[in-house]
Amino acid sequence: MKPFKHIVISSFLAATFLGGSSALASGLSADALFTSNAQIMADVTTHAGIGDFEDKDGDALTAAFRSPSSVVQLPDGSILVADTRNHIIRKISGGKVTTYAGPELPVITNSQGFPTGSLVNGKPNESFFNEPAGLAIDSNGNVYVADAANNAVRKIDANGQVSTLAGNGVLGNKDGQGADAAFNHPSDVAVASDGTVYVADSLNHVIRKITPNGTVSTLNAASKRAIQIRPGTASFAGEFQDGSLSTAKFNEPSGLALDSKGNLYVSDTGNQRIRYIDFRTNTVATLAGSSSSYGTNELYAPGDYADGDALKAKFDFPRGLAITSEGGLLIADSLNHSVRYLLNGKVTTIAGTVSTGEADGVEQAAEFYNPTDVLVTEQGNIVVADAFNNKIRKIAPYQLPSNLPDNQEVKVVNGNKVIEFDAQPEIEGGRTMVPVRAISETFGYEVKYVEQDGKSIVQLLNGDVTIELTIGETGVIRKEVNKADIKQTTDVAPYVKQDRTYVPVRFFAEQIGLNVQWDADHHTAILRTNSFLK
């Protein structure tokens, strides 16, 4: 059997090699199991947050956030969260959430009772932020914060001391040294191995560069596109242009990731594209995404959803980015409420759908609500800042049970457990057939046999739900009290063999809400819960 392999590497080394918050991970595509529609099999769970719009430390699953927007992993494996609307940096470690930097309790609140931010440097519990957004970490364990509403880039050193690297709290667009520089809602940061910090200066529509001594410069051209945002009021909006870096243009860039070559991926959010800055050639190119031109007085290119060839794929406000060890790029596609994956010129969806929700579950049965950042942990899992659900979610590539027999016999697993049968499952008509009693009891169903009109009917009962299959006939019926029967056509019929009734596992499993996949390499039917709410 070929198990899913993890290439484990510490986040300290990942930061050294990749120069930022983009951690290495196992090759998602190379090592993955795939669904019948070629989607990577993965399970989505809630890592932290109860979902309330609140500020509460404590046990991870009962803690509360307010619109968390970025995640990064520290060298010790703990996760930092930019808890944007609480104006603090939180830490998830050992199943607990604590305050890492910023006041532990709101000091200043607005008229609605919500905390407000400020710009104060110093010790962790004496410092203040104002809508902290993107996070990045360097090889020395220093954390950099795109402090969006403070229009500044902050630094938290390995001892927790908070300082301001560049910007002064005043909105503007100015290069210069440290506090003399000005930003307009910086949304993300990335740190190179030499200590250079790149900034997605979103509302200035530019990418900024900060040298280790705090000198700020602008890498691309400023936008000159003017629109009327209301009668009598005009404003500059972002533009789109590939080519030379000095003349390239962006529209509200909001996500950054550095690759192993030191080049920069950019979520060009308002252009609905993923762009790439090659510092060797000083050029900008579009790697993924396509959109029609701007409409009259439109701030953004129209967003949409489509997987497929990278330059034909569609995004809707792509934001946070993370790189995998196989050179793929994970994308928090915020208004498509999904996590996408760019690899080898193709875009696929890892998890989520265009519909909002908060259900945990498998692949596209799971739901997000405005995911804004992604992180690949040293364990090879994907962590997602699920902003409008006020949660931190985890996407774990599915792995077969470690005790799965390595043989050519047909096997069935329920999640991470091998289902034991008193008679061997088999393939009939291209379908996996299993003894009915063992499979039904695994999922809490009672087996009952009835004779009706000369036919032998197998009934599987659990509370108000009854699943009916007829021996020797195709088709399955789901009956539920006070609901209309649901009939499904099948292409294989149950049969009796050596005093045991065999039923098609797929049709029974799908009727009780399970996801069913067939792994041909291991001769295994994989059953997983489609979705559920914590």
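In the annotation of an unreviewed UniProt entry, the entry for the protein reads Copper amine oxidase, and the organism field reads Paenibacillus sedimenti.

Draft legend 1. How the structure looks around the overall build of the protein. When its secondary structure is counted, the protein shows four helices and 45 strands. Whereas a compact globule of 534 residues would reach a radius of gyration of roughly 24 Å, the protein reaches 26 Å, a difference of no more than 12%. Overall size of the protein, expressed as C-alpha extent along the three principal axes, is 90 × 50 × 45 Å. Expressed as a percentage of its 534 residues, the buried residues of the protein come to 56%.

Draft legend 2. Spatial organisation of the environment of Ala 149. Take Ala 149: it is sitting in the loop between strand 8 (143–147) and strand 9 (152–156). Among residues more than four places away in sequence, those in contact with Ala 149 are Asn 130, Glu 131 and His 185.

Draft legend 3. Seen up close, the sheet that holds strand 20 (residues 264–268). Spatial strand order, 18-22-21-20-19: five strands in an open sheet with antiparallel pairing. Looking at which strands have only one partner, the edges of the open sheet turn out to be strand 18 (243–244) and strand 19 (253–258). Relative to strand 22 (residues 283–288), strand 21 (residues 273–278) runs antiparallel, the two sharing five bridges. The residue of strand 22 that forms the bridge with Ile 277 is Val 284.

Draft legend 4. View of the UniProt feature "repeat: NHL" (unreviewed entry) in the protein. What UniProt calls "repeat: NHL" (unreviewed entry) maps, in this numbering, to residues 129–159, 178–213 and 238–280. For residues 238–280, helix accounts for 0% and strand for 44%, while the C-alpha atoms at its two ends are 25 Å apart.

Draft legend 5. Summary view of the packing of aromatic side chains. What the rule picks out here adds up to seven aromatic pairs. Above the plane of the ring of Phe 250 lies Arg 275, whose end atom (NZ or CZ) is 4.6 Å from the centre. Sitting above the plane of the Tyr 398 ring, Arg 528 keeps its charged end 5.3 Å from the centroid.

Draft legend 6. Seen up close, the sheet that holds strand 43 (residues 514–519). The strand order 33-32-44-43 describes an open sheet built from four strands, whose pairing is mixed. Edge positions in the sheet fall to strand 33 (417–418) and strand 43, since each of these pairs with one other strand and no more. One ladder, built from four bridges, connects strand 32 (residues 411–414) with strand 44 (residues 524–529); its direction is parallel. Considered in strand 44, the bridge of Val 412 is made with Ala 525.

Draft legend 7. Geometry of the UniProt feature "domain: Copper amine oxidase-like N-terminal" (unreviewed entry) in the protein. Residues annotated in UniProt with the feature "domain: Copper amine oxidase-like N-terminal" (unreviewed entry) correspond here to residues 412–526. In the segment residues 412–526, helix accounts for 12% and strand for 51%; the C-alpha atoms at its two ends are 6 Å apart.

Draft legend 8. Structural detail: the pattern of salt bridges. Per the stated rule, a full pass over the model turns up 28 salt bridges. Residue Arg 90 pairs with Asp 55 through a salt bridge whose shortest N-O separation is 3.7 Å. Placement of Arg 90 in strand 5 (residues 88–93) and of Asp 55 in the loop between strand 1 (42–48) and strand 2 (58–59) is noted, with a sequence separation of 35 residues between them. Taking the relative accessible area as the measure of exposure, Arg 90 reaches 0% and is therefore buried.

Draft legend 9. Structural detail: the nonpolar core. Of all hydrophobic cores here, the largest spans 31 residues; its most connected members are Ile 439, Phe 443, Leu 460, Ile 467 and Leu 527. Among the elements that line this core, the one with the most residues is helix 4 (residues 505–511), at four residues. Ignoring anything within four residues of it in the chain, the contact list for Ile 439 reads Val 412, Ile 419, Phe 421, Val 434, Val 503, Val 505, Phe 508 and Leu 527.

Draft legend 10. View of the side chain of Asn 184. Mapped onto the elements, Asn 184 comes out in the loop between strand 11 (176–177) and strand 12 (186–191). Once residues within four sequence positions are removed from consideration, Asn 184 is found in contact with Asn 151, Leu 171, Gly 172, Asp 201, Ser 202, Leu 203 and Asn 204.

Draft legend 11. Molecular detail of the pairing of strand 7 (residues 132–137). For strand 7, a buried count of six out of six residues is recorded, marking the element as mostly surrounded by other parts of the structure. Looking at chain direction, strand 7 and strand 8 are connected through four bridges and run antiparallel. Paired with Leu 135 across the bridge in strand 8 is Val 145. Taking the residues between adjacent antiparallel strands as the criterion, strand 7 and strand 8 are bridged by five residues, where Gly 141 takes a positive phi near 85°.

Draft legend 12. Representation of the environment of Ile 477 within the structure. Residue placement: Ile 477 occurs in strand 39 (residues 476–480). On the basis of relative accessible area, Ile 477 is assigned to the partly exposed category, the value being 23%. Excluding residues that lie within four positions of it along the chain, Ile 477 makes contacts with Thr 466, Ile 467, Glu 468, Asp 485, Ile 486 and Lys 487.

Reading the values: the criteria
- Residues numbered from 1 in each chain as written.
- Predicted model: local features only at pLDDT ≥ 70, side-chain atom pairs only at ≥ 80, totals over all residues.
- Heavy atoms only, no water.
- Helix = DSSP H or I, 4+ residues; strand = E, 2+ residues; numbered from the N terminus.
- Rg over C-alpha atoms; globule rule 2.2 N^0.38 Å.
- Buried < 20%, exposed > 50% of the residue type's maximum accessible area, 1.4 Å probe, protein only.
- Contact = heavy atoms within 4.5 Å.
- Pairing = 2+ DSSP bridges.
- UniProt positions renumbered as here; feature names shortened; annotations may be inferred.
- Phe/Tyr/Trp six-rings, centres within 6.5 Å; stacked < 30°, edge-to-face > 60°.
- Lys NZ or Arg CZ within 6 Å of the ring centre and 35° of its normal.
- Salt bridge = Lys/Arg side-chain N within 4 Å of Asp/Glu carboxyl O.
- Core = buried A, V, L, I, M, F, W, Y, C linked by side-chain atoms within 4.5 Å.

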